[in-house]
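Chain and residue survey
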Amino acid sequence: MEKIAMIGGGSWATALTKILSENGARVGWWQRSKDDVQHLRSTRHNRRYLSSVAFDLTRVFPSTDLEEVVKEADWLVLAVPAAFVKDALDKLDRDALKNKRIISAIKGMIPGKNLLVTDYVAERFRLPVASLGIVAGPCHAEEVALEKQSYLTIGSVDHQLAEDFSQLLRNRYVKAHPMADLDGIEYCAVMKNIIALTCGIAHGLGYGDNFQAVLVSNAVQEMRRFVHALNPQPRDLSASAYLGDLLVTAYSQFSRNRTFGSMIGRGYSVKSAQMEMNMVAEGYYAVKSIYELNKELKVPMPIATAAYHILYEKISPAVELEILKEKFR
Ligand SMILES: NC(=O)C1=CN([C@@H]2O[C@H](COP(=O)(O)OP(=O)(O)OC[C@H]3O[C@@H](n4cnc5c(N)ncnc54)[C@H](O)[C@@H]3O)[C@@H](O)[C@H]2O)C=CC1
Ligand SMILES: O=C(CO)COP(=O)(O)O
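In the nomenclature of an unreviewed UniProt entry, the chain corresponds to Glycerol-3-phosphate dehydrogenase [NAD(P)+] from the organism Hymenobacter persicinus. The UniProt entry for the chain carries this comment under Pathway (unreviewed entry): "Membrane lipid metabolism; glycerophospholipid metabolism." In its Subcellular location (unreviewed entry) section, UniProt records this for the chain: "Cytoplasm".

Structure, rendered in structure tokens:
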């Protein structure tokens, strides 16, 4: 039986715990809140996220004791929003993660450090990059709860690690496959949130499907330029780990980033949109990291720049979209 430490109590951690435990793995599930852990133990349901899912408590072990959960596991799955990774891992020392395989399920960057999550973890715990991987692909937690057919991609420079984790995920409604492009997949997963957020802003302002199709087409080119500048290697951005994830996030009713952007387009402030959501739109934080990273790279990134101006410089969404409109082809 594979032993997994799931770090995080949000929708994605809940969905991954469902998949992994129902496939037979033992999942030690770390959450911050004692009350939430207690509730899970007594009712078998996560009361805050995907509350319809019932867990088998002979395989799922909710706990607030991070060190204990990590000690018992072969795999660590990080599934808190990127902004909380530093805090969540604060108590762990290098030895705690020695000889473990670490999977990031996070599609965001470490604020302030402007690092991908896998780069941060490798640096902070001095781990070889071959011990790390990322779960990506177009997959909303809500559809996992409904057992709708989904596809996941595991990116790692270690093919065996990626294949082994894919194997843990495969079931009747999840297909998973390995890919070697760890950095490319992770950067694109970050970028697609910014783009989906901008699609939401356009929608909130009253732009329609015709415009969004052009926005997304231009966004693919922006993603290609940026990822190539950071990590030049041949990659087919039409693969589902890149384009598929962009499409589902830009178009789905379940997308946090699109929903958040739509509120901004309709005139909400960042604070009020965040308060209303109870969920995290990674694109809000990521756009600052990407904008700062790009000060050196100087890649033309009109969409990310517009989102940054709207979210951090309080420039009117309508004005930024007018500017963007003229740049698209
Ligand atoms: N929800 C989804 O369908 C998918 C999410 N992801 C990624 O998974 C990551 C986690 O997102 P979700 O599970 O969607 O989160 P969520 O938006 O469902 O929930 C928010 C999470 O943040 C946690 N949180 C809030 N304040 C915290 C703090 N101070 N310290 C630690 N944790 C805190 C909450 O406990 C909860 O776990 C994100 O990077 C997201 O992009 C990736 C694929 C699908
Ligand atoms: O990454 C996701 C789907 O693949 C989730 O996107 P949102 O955070 O916008 O819901």
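Alright, that's what it looks like, and here's the rest.
With that settled, consider the site of ligand 1. Taken together, 20 residues surround ligand 1, and among them Gly10, Ser11, Ala141, Val280 and Glu282 come closest. Here an oxygen atom of ligand 1 and a backbone polar atom of Ala105 are 3.4 Å apart. In the environment of ligand 1, an oxygen atom lies 2.6 Å from a nitrogen or oxygen atom belonging to the side chain of Glu282. Protein contacts shield 87% of the accessible area of ligand 1, which totals 820 Å² for the unbound molecule. Its residues assigned to classes, the shell around ligand 1 shows 12 nonpolar, four polar and four charged.

A few words on the nonpolar core. With 53 residues, the main nonpolar core has Ile195, Leu215, Met223, Phe260, Ile264, Ile290 and Leu311 as its most contacted residues. By residue number, the principal contributor to this core is helix α9 (residues 182–205), which donates 13 residues. The contacts of Leu311, once residues within four sequence positions are left out, are Leu197, Phe260, Ile264, Val270, Tyr284 and Val287. In terms of nonpolar packing, the next biggest core, distinct from the first, is built from 36 residues, Ile4, Leu20, Val27 and Phe55 among them.

Here, UniProt's "active site" (unreviewed entry) annotation points to Lys192. When you line up the elements, Lys192 lands in helix α9. A residue is classified by how much of its surface remains accessible, and Lys192, at 5% relative accessible area, is buried. Those residues in contact with Lys192 that lie beyond four places of it in its chain are Lys107, Asp245, Leu246 and Thr249.

Backbone hydrogen bonds hold the strands of a sheet together, and the pairing may be parallel or antiparallel. Read from one edge to the other, the open sheet built from eight strands follows the order β3-β2-β1-β4-β5-β8-β9-β10, with strand pairing classed as mixed. A single partner strand is all that each edge strand has here, and the edge strands are β3 (60–63) and β10 (174–179). Mean inter-strand twist for the sheet, computed between neighbouring axes without regard to direction, equals 20°. Judged from the six bridges that link them, strand β9 (residues 150–155) and β10 form a sheet pairing that is parallel. The residue of β10 that forms the bridge with Tyr151 is Lys175. The sheet contacts of helix α1 (residues 11–22) involve β1 (3–7), β2 (26–30), β3, β4 (75–78), β8 (132–136), β9 and β10, and relative to β2 the element is tilted by about 165°. Those strands touched by helix α6 (residues 117–124) are β4, β5 (101–104) and β8, and its axis lies near 160° from that of β8.

What counts as what
- Residues numbered from 1 in each chain as written.
- Chains lettered and ligands numbered in written order.
- Predicted model: local features only at pLDDT ≥ 70, side-chain atom pairs only at ≥ 80, totals over all residues.
- Heavy atoms only, no water.
- UniProt positions renumbered as here; feature names shortened; annotations may be inferred.
- Near = heavy atom within 4 Å.
- Polar contact = N/O pair within 3.5 Å; in protein donor to acceptor, adjacent residues only side chain to side chain.
- Areas by Shrake-Rupley, 256 points an atom, 1.4 Å probe, with all protein chains shown as cover.
- Nonpolar A, V, L, I, M, F, W, Y, C, P; charged D, E, K, R; others polar.
- Core = buried A, V, L, I, M, F, W, Y, C linked by side-chain atoms within 4.5 Å.
- Buried < 20%, exposed > 50% of the residue type's maximum accessible area, 1.4 Å probe, protein only.
- Helix = DSSP H or I, 4+ residues; strand = E, 2+ residues; numbered from the N terminus.
- Contact = heavy atoms within 4.5 Å.
- Pairing = 2+ DSSP bridges.
- Axes fitted to C-alpha atoms, helices over the stretch in contact; angles between N-to-C directions.

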